[in-house]
Amino acid sequence: MHLGSTGRRVAAATTAVLGATVLTACDGDAPFAPSLPSAAGYRADGDTLRIWTGTPCVGVTRVALTFTTADGERQRLVLTAPPPGVTVEQLDIAQPDPAFTVDEQPTSDFDWRDAEKASLVIDAAEPAWGSVVDLSDVVDGSPEHPADAYLFDDVGWKDAADVADQNGQDFLTVCTPAADRG
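Let me begin by describing the structure that accompanies this report. (Residues numbered from 1 in each chain as written. Predicted model: local features only at pLDDT ≥ 70, side-chain atom pairs only at ≥ 80, totals over all residues. Heavy atoms only, no water.)

**Topic: the state of the cysteines**
Tallied over the full model, the rule gives one disulfide. With a sulfur-sulfur separation of 1.9 Å, Cys57 is cross-linked through a disulfide to Cys175. The sign of the S-S torsion, about 100°, decides the handedness of the disulfide formed by Cys57 and Cys175: right-handed. Highlighted residues: Cys57 in strand S3 (residues 48-60) and Cys175 in the segment after strand S12 (172-173), separated in sequence by 118 residues. Each of the two residues, Cys57 as well as Cys175, counts as buried. (Disulfide = S-S within 2.5 Å. Helix = DSSP H or I, 4+ residues; strand = E, 2+ residues; numbered from the N terminus. Buried < 20%, exposed > 50% of the residue type's maximum accessible area, 1.4 Å probe, protein only.)

Have a look at this one:
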């Protein structure tokens, strides 16, 4: 196909506009990204990892917790529940809520404390944000903080009063209701 000079200019202009649109779409935060950092709370309790969502997650049909080691090995705990789902606010990885079916679990020789990071994804009735935490901070910091304090990703150790005061102001819990997200 042969384009005249007008056709080439239109094609070049169209390419430039499309290129700028793609670059703009990839630059910065996605329009659906949370307005504040999202976080869940993590605490080492003996051999187990306890997770606190900070606010209840309603209608949860899937929880995926992925552990990543320094060499890139991944182990996952995947829990599912049939619709309409269950409400989750606390999760003990050693004893998941019996309302869930364990669809995937780490190998029997895996120790979560040997992992570098843990990432949490929750499928719930309302959209939930993800969470990633450095597990050495959880393991090292848990004995230094009261039993009711959890490490919320990169926003620090929080207890129930801290979460009530700061959720929606300084950070968002992973299941902060849409009406409270600001």
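**Examining the sheet that holds strand S2 (residues 41-45)**
Strand order across the open sheet formed by five strands is S6-S3-S2-S10-S11, with antiparallel pairing between neighbours. Two strands lie at the open edges of the sheet, namely strand S6 (86-92) and strand S11 (156-158), each paired on one side alone. Each strand axis lies, on average, 30° off the axis of its neighbour in the sheet, ignoring direction. Judged from the five bridges that link them, S2 and S3 form a sheet pairing that is antiparallel. What sits directly across from Gly41, in S3, is Trp52. (Pairing = 2+ DSSP bridges. Axes fitted to C-alpha atoms, helices over the stretch in contact; angles between N-to-C directions.)

**A word on the layout of surface pockets**
A volume near 310 Å³ is recorded for the largest pocket. Of the residues in the lining of the largest pocket, the class split is nine nonpolar, four polar and two charged. (1 Å grid on protein atoms, 1.4 Å probe; cavity = no way out; pocket = protein on both sides within 12 Å on 5 of 7 lines; lining within 4 Å. Points joined across faces, edges and corners; volume = space filled by probe spheres on them. Nonpolar A, V, L, I, M, F, W, Y, C, P; charged D, E, K, R; others polar.)

**With respect to the packing of aromatic side chains**
Per the stated rule, a full pass over the model turns up four aromatic pairs. Seen from their ring centres, Phe152 and Phe171 are 5.6 Å apart, and the 55° between their planes marks the pair as tilted. Note that Phe152 is positioned in strand S10 (residues 150-152) and Phe171 in the loop between helix H3 (160-166) and S12, a separation of 19 residues in sequence. Judged by its relative accessible area of 0%, Phe152 falls in the buried class. Here Phe171 falls in the buried class, since its relative accessible area comes to 0%. One aromatic cluster is present, formed by Trp52, Tyr150, Phe152 and Phe171 through successive ring pairs. (Phe/Tyr/Trp six-rings, centres within 6.5 Å; stacked < 30°, edge-to-face > 60°.)

**Describing the sheet that holds strand S4 (residues 62-68)**
Strands sit in the order S7-S5-S4-S8-S9 across an open sheet of five strands; the sheet is antiparallel. In this open sheet, the two edge strands, each paired with only one partner strand, are strand S7 (101-104) and strand S9 (131-134). Averaged over all neighbouring strand pairs, the angle between strand axes comes to 20°, with direction disregarded. Summarising the sheet, strand S8 (residues 117-123) and S9 pair through four bridges and their orientation is antiparallel. Note that in S9 the partner of Ser119 across the bridge is Val132.

**Re empty space enclosed by the protein**
Taken as a whole and judged by the stated rule, the model has one cavity of 30 Å³ or more. Quantified by volume, the largest cavity comes out at close to 40 Å³. For the largest cavity, the full set of lining residues is Ile51, Thr53, Val63, Val88, Glu89, Gln90, Leu91, Leu120 and Ile122. Contributing elements (two or more residues each) for the lining of the largest cavity: S3, S6 and S8. Element by element, the count of residues in the lining of the largest cavity is highest for S6, at four residues.

**As for the nonpolar core**
One finds Leu49, Ile51, Leu65, Phe67 and Leu135 to be the most contacted residues of the largest nonpolar core, which totals 32 residues. A total of four residues in this core trace back to one element, the largest contributor, which is S3. Apart from residues lying up to four places away in sequence, Leu49 is in contact with Tyr42, Arg43, Leu65, Phe67, Leu91, Asp92, Ile93, Trp112, Leu135 and Val138. By size, the runner-up hydrophobic cluster in this structure holds six residues, among which are Tyr150, Phe152, Val163 and Phe171. (Core = buried A, V, L, I, M, F, W, Y, C linked by side-chain atoms within 4.5 Å. Contact = heavy atoms within 4.5 Å.)

Geometric descriptors of this kind do not, in isolation, establish any biological role.
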